[in-house]
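One-letter residues, chain by chain:
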Amino acid sequence: MSPEKRAPRAPLDRRRVADTALRLLNEAGLDGLTLRAIAAELDVKAPALYWHFKDKQALLDEMATEMYRRMAAAAPPDPDDGWQERLLKTGRGLRAALLGYRDGAKVYSGSRFTGTEHAPALEANLRLLTDAGFTLAQAVDAGRTTNAYTIGFVTEEQGVRPLPGERREGYDVAERARRLADFPLAAAAGGLLFDDYDRQFEEGLAVVVAGIGARYGIG
């Protein structure tokens, strides 16, 4: 009897590598994510990955791009949005996407998109804001500020809760209050700082969007 043939392996390409890296990210975190571990998961030798990515940053760029592709596919822009609602939805969608991965905000921050999939949504957002009365520079500032707030917020959030349901040691609010008992306002602030991140995010995002309107005098 002839030996059983092994099923053909899917061809190795950039997107398959990035998909594997994103799966491993939730297990190992960014610090533990290595090209060697990714290669082992793909059943190839590590040098094979260098045909597609010259270094880890190039891989992070592709991972961030894949994160964006998935986010954009899940929530395409609504043409009926006003500019405030579009910025709110953009911030909420980005936060939800980043929270889907351990260290998601760190991977996304500072990465460069490897394709042009982001261009249609960017064009639509800039068009919406300029039609509402923003100059192009103001529209760019508004979008950048919303994104920067969201990425920064999620970076801090994931420092406490690496994934939903997890919590790093040292962030017990009651214990913190006991240690700061001589500073009652600081002690009471613990629950506002390290609990109910949904409320925290929404409040900050509302302040950002209201501030953008106030800054440029556009309602």
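Structural notes, computed from the coordinates. (Residues numbered from 1 in each chain as written. Predicted model: local features only at pLDDT ≥ 70, side-chain atom pairs only at ≥ 80, totals over all residues. Heavy atoms only, no water.)

1. Remarks on the layout of surface pockets
As a reminder of what qualifies: Using a 1 Å grid laid over the protein atoms alone, points where a 1.4 Å probe fits but cannot get out form a cavity; open sets with protein on both sides within 12 Å along at least 5 of 7 lines form a pocket; any residue with an atom within 4 Å of a point counts as lining. Grid points are joined across faces, edges and corners, and a volume is the space filled by probe spheres set on the points. Secondary structure elements follow DSSP: runs of H or I of four or more residues count as helices, runs of E of two or more count as strands, with numbering from the N terminus. Charged residues are taken to be Asp, Glu, Lys and Arg, nonpolar residues to be Ala, Val, Leu, Ile, Met, Phe, Trp, Tyr, Cys and Pro, and polar residues to be all remaining types, Gly included.
Approximately 950 Å³ is the volume attributed to the largest pocket. Along the wall of the largest pocket there are 33 residues; nearest its centre are Tyr68, Met71, Thr90, Asn125 and Asn147. Where the lining of the largest pocket is concerned, the elements lending two or more residues are α3 (56–74), α4 (83–98), α6 (119–131) and α7 (136–160). At 7 residues, α7 tops the list of elements feeding residues into the lining of the largest pocket. Grouping the amino acids of the lining of the largest pocket by side-chain chemistry returns 18 nonpolar, 10 polar and 5 charged.

2. So, the pattern of salt bridges
The criterion, for reference: Whenever Lys or Arg places a side-chain nitrogen within 4 Å of a carboxyl oxygen from Asp or Glu, that contact is recorded as a salt bridge. Working definition: with a 1.4 Å probe on protein chains only, accessible area under 20% of the residue-type maximum means buried, over 50% means exposed, and in between means partly exposed.
Counted under the stated rule, the structure contains 22 salt bridges. One salt bridge in this structure joins Asp19 and Arg23, with 3.9 Å as the shortest N-O distance. Highlighted residues: Asp19 and Arg23, both in helix α1 (residues 14–32), separated by 4 residues, approximately one helical turn. Owing to a relative accessible area of 43%, Arg23 belongs among the partly exposed residues under this scheme. The shortest N-O distance in the salt bridge between Arg92 and Glu202 comes to 3.0 Å. Of the two residues, Arg92 sits in helix α4 while Glu202 sits in helix α11 (residues 197–216), which places them 110 residues apart along the sequence. Among the ionic contacts, a cluster of salt bridges with common partners joins Arg14, Arg15, Asp19, Arg23, Glu41, Glu62, Glu66, Arg69, Arg70 and Glu117.

3. As for the nonpolar core
What counts here: We define the nonpolar core as a collection of buried residues of types Ala, Val, Leu, Ile, Met, Phe, Trp, Tyr and Cys that are connected through side-chain atoms lying within 4.5 Å of one another.
Core analysis: the biggest nonpolar cluster contains 33 residues, and Leu25, Ile38, Leu59, Met63, Leu98 and Tyr108 have the highest contact counts within it. For this core, the secondary structure elements donating two or more residues are α1, α2 (35–42), α3, α4, α5 (104–108) and α7. No other element matches α3, which puts 8 residues into this core. Core analysis: the second largest hydrophobic core is formed by 19 residues, Leu128, Leu129, Phe153 and Ile212 among them.

4. Describing the packing of α6 against α7
The criterion, for reference: The convention used is that axes are lines fitted to C-alpha atoms, helices contributing only their stretch in contact, and that angles between N-to-C directions extend from 0 to 180 degrees. When an angle is under 35 degrees it counts as roughly parallel; over 145 it counts as roughly antiparallel; between 65 and 115 it counts as roughly perpendicular; any other value is oblique. Left-handed describes a crossing whose near helix is turned anticlockwise from the far helix by less than a right angle; the clockwise case is right-handed. When checking whether two residues touch, look at their non-hydrogen atoms; a contact exists if any pair is within 4.5 Å.
One way to put it is that α6 packs onto α7 with a least axis distance of 9 Å and a crossing angle of 125°. As summarised for this structure, α6 and α7 are arranged oblique, according to the angle between their axes. Note on packing geometry: the crossing formed by α6 with α7 is right-handed. Touching Leu126, Leu129 and Thr130 of α6 are Leu136, Ala139, Val140 and Ala142, all from α7.

5. Brief notes about unusual backbone geometry
Despite not being glycine, Asp43 shows a phi value in the positive range, around 60°. Looking at the secondary structure, you find Asp43 in the loop between α2 and α3. Positive phi is not limited to glycine here, since Asp103 has a value of about 60°. Its place among the elements puts Asp103 in the loop between α4 and α5. Given a relative accessible area of 17%, Asp103 falls into the buried group.

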